[in-house]
Structures are given as structure tokens and as C-alpha cells.
Amino acid sequence: MSVTIKDVAKKANVSPSTVSRVLSDSDKISEKTKRKVRKVMNELGYHINYNARVLVQKSTKTIGIVMKHSATHSWHNPFFPEVLRGISTYCHKLDYSISLTTGESEESIYKEVVKMVHGKRIDGIIVLYSKKDDKVVPFLIEHQVPFVVIGKPMEHTNEIMYVDNDNVQAGKEAAEFLIDLGHEEIGFIGDNPDFQVIQDRMNGFKEALLSNDLFYRDEYIKYVNDNNNRKIVTELFNQEITPTALVISSDIQAIGILKLLHEIGYRVPDDISIVTFNKTFITELSIPSLTTVNTQTYQLGYESSRCLIELINEPEMFKRSVIIPTVIEVNDSHQKVLKV
């Protein structure tokens, strides 16, 4: 025989409505009462009937996660497991589940989002990127789905709640860190420039060079894809004047560049210094360990889920932005320039 809310209420000597409020983690119930009711739930073996709750509340208690790339590709990048850890930590506190998009292309990911929304599988969505000509965000706006973007939106900024770093400032600080070490010939290697985060870091990088009266070279700016790492490294270091330092837009890219530099005979940091972004386990495990701009990836995820659940509960609330500070974590992939 299954245990009901009424059974829990009777043994805990509270009303059934109090038990319901405990289940929803209402602020109107004291922590003492919550502990007492939860203890009784455990003693009686009470489990929430999620299907019944969905029918009654018209809520799935599930948040959809829209990946930047296909799920297969994304799991290769340690940024995504870390941001998902932050999301799931807050969701777990409020008894929400998460559902990931599973498409292997931008179009299939979009179709998966459409299915999530029309099938009423989710209460809201976190989009893990901001990208030019993206179809997902306009669809969510049109269908009035609660959502939060990780990254500064490229359009409709005042209509969208988002969580981000100040990536222009972060790009500027990364370049200035190298400039302060005496580097004057500094290159930038970025991901797909259609993503807002890459544009912002690139703009901050450029701003740092120009404000320090350094020559900005277009030939030092490269964008990578799955197949051209070797090509861009060759182009960078086959010039008459080559960079003495690089700002690289993610740690996973930096690892690939580090390997290629070693293959062509460049030692880091003896021959070239590197600063990258996104502190994850690979920045510590790489040889040498990578100096990085810590974007506090876990906190990006945690704050995005907190903002989304607030928006789900209060759909008319003001659409705000949350900016997570960055900090440079100094490791071993850089050194001062010795002036001759």
C-alpha cells in the first residue's frame, strides 16, 4: 500500500497543506517543520508521485539544456561537464531534473528543442551559448518559454535573462598580463567567431594592444575548427616576425596548440608564452600547466539554473543579467621577455 501525503501529515501532526509546502520548499515553512516532515517521509518511505504532480501542477520539474554543439562533441570539452555540474547542483536543491538536447547538428538540436517545448517536457530552458543566426532563442521568445542564456545575447538583450562573464574585460586582461611581461608580438587564437564570447574576447584583446601602443597584426589572429589547427600554427610561425605569446580562447584549444608547438620545436614557455581561458582539470594536468583566465564555469551553471527557476516561478519578473567575475590563475605557461 502506497504512503500518501495525508499519512505523512497525520504522523508529523501537521496539515496536508503543510506537507505540500515542504515538498515545494516553501519559504513560508520553518526549517524546523521541514526537518520534522522530511524525517517522517523517510520513516514511512514516502516518495513523490511525479506523474501525478505533473498532472495537478502542470509542471514537469525538468529543465532543458541546449548544448553549444552536439552532445558527442560537447563532452570532449571539459567546460560543459563543469557548467552542467553547477546547473545540476542548484536544480537538485529544488528537486528539478535536467534534460539534455541530443542532436548531432545545429538543425537537429533545434528540432529537439521544438519537441521539448511542444511536448511540454520541460518548464524552462538554459541555452549554453550565444551565437549569430541562432534559431533556438527566437523560437523560445516567440513561444514565451522561460529561458536563460549563458553568454551575452547577440540580439534582444533587454528581453533576455542571461549569465555571463565580462568577456571584453577578460580578453583585455589576458593580453595585458602578457604585455606586462614585456611581450609585444602577441597572437590570438579563437573558436568560431560566430559565437559572441569569441567576438568579445577578441575585442578586449585588440583593445589592450591598441591602448598600449602596440602594433595590431591581422596575420596574428586565427580561428580554429576541427581540421585546421596544424594549418594555423604553421601560418603563425612561418612569418618573418613571429609571435612571442598567444592568447587562446579555451583550454581545450590550448592543449591542441601546445602539442603542435612541441612538434615544430617550440618550447612553452621558453620560446613562447600562453594564456588561455576556462580553468578546468586539464589546465593543471597539461605540461606545462596553463596560465588561464578562470571564468568560474561552475558558478556560471549554478547562477543560470537559479535565475531560470526564479523566472519559471515568476514569469513577469525583470529580465536581468548576472555577470560572474573572472580572475587570472598564474601557472607555468608564461615568462618574461628578456630584453637584449
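Structural data are supplied above this passage.
Residues numbered from 1 in each chain as written. Predicted model: local features only at pLDDT ≥ 70, side-chain atom pairs only at ≥ 80, totals over all residues. Heavy atoms only, no water.

Draft legend 1. Representation of the pairing of strand β9 (residues 273-277) within the structure. The buried fraction of β9 is high, at five of five residues. A two-sided burial pattern is seen for β9, the buried positions comprising S273, V275 and F277 on one face and I274 and T276 on the other. Judged from the three bridges that link them, strand β8 (residues 245-248) and β9 form a sheet pairing that is parallel. Bridging from a neighbouring strand, V247 pairs with V275 of β9. In terms of handedness, the path from β8 via helix α12 (residues 251-263) over to β9 forms a crossover that is right-handed. Sheet topology note: the β9/strand β10 (residues 291-294) ladder contains three bridges and is parallel. (Buried < 20%, exposed > 50% of the residue type's maximum accessible area, 1.4 Å probe, protein only. Helix = DSSP H or I, 4+ residues; strand = E, 2+ residues; numbered from the N terminus. Pairing = 2+ DSSP bridges. Right-handed = clockwise from strand over helix to strand, strands pointing away.)

Draft legend 2. Highlighting helix α9 (residues 167-180). Along its 14 residues, α9 runs 20 Å from first to last C-alpha, staying within 8% of the 20 Å computed at 1.5 Å per residue. For α9, the complete set of buried residues consists of N167, A170, G171, K172, A174, A175, F177, L178 and I179. Following α9 by one or two positions, G182 has its phi on the positive side, about 100 degrees. (Expected span 1.5 Å × (residues − 1).)

Draft legend 3. Layout of the sheet that holds strand β2 (residues 97-100). Spatially, six strands are ordered β2-β1-β3-β4-β5-β11 in an open sheet, and the strand pairing comes out parallel. Because the sheet does not close on itself, it has two edges, and the strands there are β2 and β11 (321-323). On average, each strand axis in the sheet is tilted by 20 degrees relative to the strand beside it, whichever way the strands run. Direction of pairing for strand β4 (residues 147-150) relative to strand β5 (residues 161-164): parallel, over a ladder of three bridges. Following the sheet pairing, V149 is matched in β5 by Y162. (Axes fitted to C-alpha atoms, helices over the stretch in contact; angles between N-to-C directions.)

Draft legend 4. Broad picture of the environment of Y129. Within the secondary structure, Y129 is located in the loop between β3 (124-127) and α8 (136-142). Along the backbone, Y129 and V66 are 63 residues apart, and their C-alpha atoms lie at a distance of 8.3 Å. Reaching out from Y129, the side chain makes a polar contact with the side chain of D134 at a distance of 2.9 Å. (Polar contact = N/O pair within 3.5 Å; in protein donor to acceptor, adjacent residues only side chain to side chain.)

Draft legend 5. Examining the sheet that holds β10 more closely. If you walk across this open sheet you meet the six strands as β7-β6-β8-β9-β10-β12, and the pairing is mixed. Of all strands in the sheet, those bounded by a partner on one side alone are β7 (221-223) and β12 (327-329). Within the sheet, the average angular offset between the axes of one strand and its neighbour, ignoring direction, is 20 degrees. Bridge count for β10 against β12 is three bridges, and the pairing is antiparallel. Each residue of the ladder has a partner; that of V293, found in β12, is I328. Packed onto the sheet, α9 meets β6 (186-190), β8, β9, β10 and β12 and runs at close to 165 degrees relative to β9. Running at roughly 175 degrees to β6, helix α10 (residues 196-211) makes contact with β6, β7, β8 and β9 of the sheet. (Contact = heavy atoms within 4.5 Å.)

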